[in-house]
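This is what each chain is made of:
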Amino acid sequence: MADSHPLRILLLGSASSVHIARWAGDLAAAGHQVLVASWQPGPPIAGAQLMIAPAAGGWPVRRAVLAAGWLRRVVRQFRPDIIHVHS
């Protein structure tokens, strides 16, 4: 399904999620550039780049404050065509 114009896809979800790993792996195998942005650490995902939000394991309020700026920077740098939030 890959074509000459692969998509840049940002998946926002838990790196430890089986669903995120499956989606990221399948999309990467189809030739798309995939970045997984996660609240908490998880195992590497074949074919995808993984970024973990700052203060993983910290207090939720602190994590949210730090993650907001982090996520804005990630989106600005990666410039995704699609953002999917897995909740």
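Residues numbered from 1 in each chain as written. Predicted model: local features only at pLDDT ≥ 70, side-chain atom pairs only at ≥ 80, totals over all residues. Heavy atoms only, no water.

**Concerning the overall build of the protein**
In terms of regular secondary structure, the protein is built from two helices and four strands. Going from the N terminus to the C terminus, the protein shows its helices and strands as β-α-β-β-α-β. For the protein, whose C-alpha radius of gyration is 13 Å, the value lies close to the compact-globule estimate of 12 Å for 87 residues. In terms of principal-axis extent, the alpha carbons of the protein reach across some 40 × 25 × 20 Å. Burial statistics for the protein: of 87 residues in total, 31% are counted as buried. Long-range contacts, defined as pairs at least 24 residues apart, comprise 54% of the intrachain contacts of the protein with a sequence gap of at least 6. (Helix = DSSP H or I, 4+ residues; strand = E, 2+ residues; numbered from the N terminus. Rg over C-alpha atoms; globule rule 2.2 N^0.38 Å. Buried < 20%, exposed > 50% of the residue type's maximum accessible area, 1.4 Å probe, protein only. Contact = heavy atoms within 4.5 Å.)

**Remarks on the packing of aromatic side chains**
By the definition in use, this model includes zero aromatic pairs. Directly above the aromatic system of phenylalanine 78 lies the positively charged group of arginine 8, at a separation of 4.6 Å from the ring centroid. (Phe/Tyr/Trp six-rings, centres within 6.5 Å; stacked < 30°, edge-to-face > 60°. Lys NZ or Arg CZ within 6 Å of the ring centre and 35° of its normal.)

**Here's the deal with the pairing of strand S1 (residues 8-12)**
With four of five residues buried, S1 is to be regarded as a mostly interior element. Across five bridges, S1 lies against strand S2 (residues 33-38) in parallel orientation. Across the sheet, leucine 12 pairs through a bridge with alanine 37, a residue of S2. Note: S1 against strand S4 (residues 82-85), four bridges, orientation parallel. Each bridged residue has a counterpart across the sheet, and for leucine 10 the counterpart in S4 is isoleucine 83. (Pairing = 2+ DSSP bridges.)

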